[in-house]
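Notes for the structure review
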Amino acid sequence: MISCEGVGKRFSRQWVFRRVSLSAEVGQCLLLTGPNGSGKSTLLKLLAGLEPPSEGSVSREFDTRASMGYSATDLRLYPNLTADEHLRFAGTMRGLPEEASALERVGLCDVSGKLVGTFSTGMRARLKLALALLGEPKALLLDEPGAGLDEEGRAILDAAVSEQKARGIVILATNDPAERRFGDFELVLGA
């Protein structure tokens, strides 16, 4: 389970959101929606443990680093590393065993040895998803995961979200109407 109670985040004197409480359990997909600038990405980072809240608390029933997969449009990839090297590096940083099947799951086996700097936007989105899926995480947090994906990429995303819901939690920040079908419930920020 992931939950937060009375969470708020501010940058300097400006509050992005305040008094947000939620919980998500195994088998559920929580959607974070709302207009641009409402704090969807920021709340996702708080839930992932990548940012501290300015107020309130976040709790997780598992070790964050090894058991949580995170992918976002602003997640940086290293242009001078290959897809394989990204997986090895991410696995080492998260304390996970090497997993070559992650690239197969997202349809990138044929380009595993190519430099990521040569990848298209959609290929980079698939690699970010592969990195998030490493180790079959207990929680998968995705920020605008369909951005840049073609039809085949969206089918891969659909399968990944379905598999994750069968074994864990999904929290998805999106404004894409097609991605709303994944959600079991929705938190609208900025409303």
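Before reading further, recall that the structure is shown in the block above.
No experiment lies behind these values; they were computed from the predicted model shown.

Digging into the nonpolar core
Ranked by internal contacts, the top residues of the largest apolar core, which has 32 residues, are L127, L129 and L172. Those elements that place two or more of their residues in this core are β3 (29-33), α3 (83-94), α4 (101-105), α5 (121-133), β6 (139-143), α6 (151-167) and β7 (169-173). Among all residues touching L127, those that are not within four sequence positions of it are L77, A83, H86, L103, L108, V116 and F119. Membership of the second largest hydrophobic core comes to 24 residues, among which are V20, A24, L32 and I169.

Digging into the pattern of salt bridges
This structure, assessed with the given rule, holds eleven salt bridges. A salt bridge links E55 to R18; its shortest N-O distance comes to 2.9 Å. Remark: R18 occurs in strand β2 (residues 14-24) and E55 occurs in strand β4 (residues 55-60); sequence separation between them is 37 residues. Using a relative accessible area of 38% as the deciding quantity, one classes R18 as partly exposed. Here R154 ties to E179 by a salt bridge, and the two come within 3.9 Å at their closest N and O atoms. Residue R154 is found in helix α6, and its partner E179 is found in the loop between β7 and β8 (185-188); the two are separated by 25 residues along the sequence. By relative accessible area, which is 2% here, E179 ends up buried. Taken together, the shared-partner salt bridges connect R126, D150 and E152 into one network.

Some points on the sheet that holds β6
Spatially, β5-β6-β7-β3-β8 is the arrangement adopted by the five strands of the open sheet, whose pairing is parallel. Looking at strand neighbours, the two that pair on one side only are β5 (68-72) and β8, the edges of this open sheet. Direction aside, neighbouring strands of the sheet carry axes that sit 15° apart on average. Here four bridges tie β3 to β8, and the two strands are oriented parallel to one another. Pairing of T33 across the sheet is with V188, part of β8. Against the sheet, α6 makes contact with β3, β6 and β7, and its axis sits at roughly 140° relative to β7, the strand it touches most.

A word on α5
Compared with an ideal rise of 1.5 Å per residue, which puts 13 residues at 18 Å, α5 spans 19 Å between its outermost C-alpha atoms and is within 8% of the ideal. For α5, the set of buried residues is G122, A125, R126, L127, K128, L129, A130, L131, A132 and L133. In this structure, the buried residues of α5 make contact with β5, α3, α4, β6 and α6.

Considering the packing of aromatic side chains
Summed over the entire model, instances satisfying the criterion amount to one aromatic pair. Here Y78 and F89 contribute two aromatic rings whose centre-to-centre distance is 6.0 Å and whose plane-to-plane angle is 90°, an arrangement assigned as edge-to-face. Of this pair, Y78 sits in the loop between β5 and α3 while F89 sits in helix α3, and the two are eleven residues apart along the sequence. In this structure F89 comes out as partly exposed when scored by relative accessible area, which is 41%. We note R181 situated over the ring of F182; from NZ or CZ to the ring centre the distance is 4.6 Å.

Considerations on the pairing of β3
With five of five residues buried, β3 lies mostly within the body of the structure. The alternating pattern of β3 places C29, L31 and T33 and L30 and L32 on opposite faces, both of which are buried. Bridging between β3 and β7 involves four bridges; their strand directions are parallel. Paired with L30 across the strands is I171, a residue of β7.

Brief notes about the packing of α5 against α6
Put simply, α5 and α6 touch, their axes get as near as 11 Å, and they point 15° apart. Viewed along their axes, α5 and α6 adopt a mutual orientation that is roughly parallel. The two elements α5 and α6 cross, and the hand of that crossing is left-handed. In this structure, α5 contributes R126, L129 and L133 to the contact, and α6 contributes E152, G153, I156, L157, A160 and R167.

Criteria and thresholds
- Residue positions are given per chain, counted from 1 along the sequence in the order it is written.
- Local features in this predicted model are restricted to residues whose pLDDT is 70 or higher, and side-chain atom pairs enter the listing and the counts only when it is 80 or higher, whereas totals over whole chains, interfaces and linings include all residues.
- Computation of side-chain values: all heavy atoms of the structure, hydrogens and water removed.
- Nonpolar core, defined: a set of buried Ala, Val, Leu, Ile, Met, Phe, Trp, Tyr and Cys residues in which side-chain atoms within 4.5 Å join the residues together.
- Per-residue accessibility, obtained with a 1.4 Å probe over protein chains only, is compared with the maximum for each type, and a residue is labelled buried under 20%, exposed over 50%, and partly exposed between these values.
- Put simply, DSSP marks the helices as runs of H or I at least four residues long and the strands as runs of E at least two long, and each gets a number from the N terminus on.
- Throughout, a residue-residue contact means that at least one pair of heavy atoms, one from each residue, lies within 4.5 Å.
- Salt bridge, as used here, is a side-chain nitrogen of Lys or Arg placed within 4 Å of a carboxyl oxygen of Asp or Glu.
- When DSSP finds two or more bridges between two strands, those strands count as paired.
- Fitting a line to C-alpha atoms yields each axis, with helices limited to the stretch in contact; the angle taken between N-to-C directions then spans 0 to 180 degrees.
- The span expected for a helix works out to 1.5 Å for each residue beyond the first.
- Aromatic contacts are taken between Phe, Tyr and Trp rings whose centres are within 6.5 Å, Trp giving its six-membered ring; a plane angle under 30 degrees counts as stacked, one over 60 as edge-to-face, and the others as tilted.
- By definition here, charges over rings are those cases where NZ of Lys or CZ of Arg is within 6 Å of the ring centre and within 35 degrees of the ring normal.
- Roughly parallel means an angle under 35 degrees; roughly antiparallel means over 145; roughly perpendicular covers 65 to 115; every other angle is labelled oblique.
- Helix crossings are classified by the rotation of the near helix relative to the far one: an anticlockwise turn of less than a right angle makes the crossing left-handed, while a clockwise turn makes it right-handed.

Don't take any of this as a statement about function, it's just geometry.
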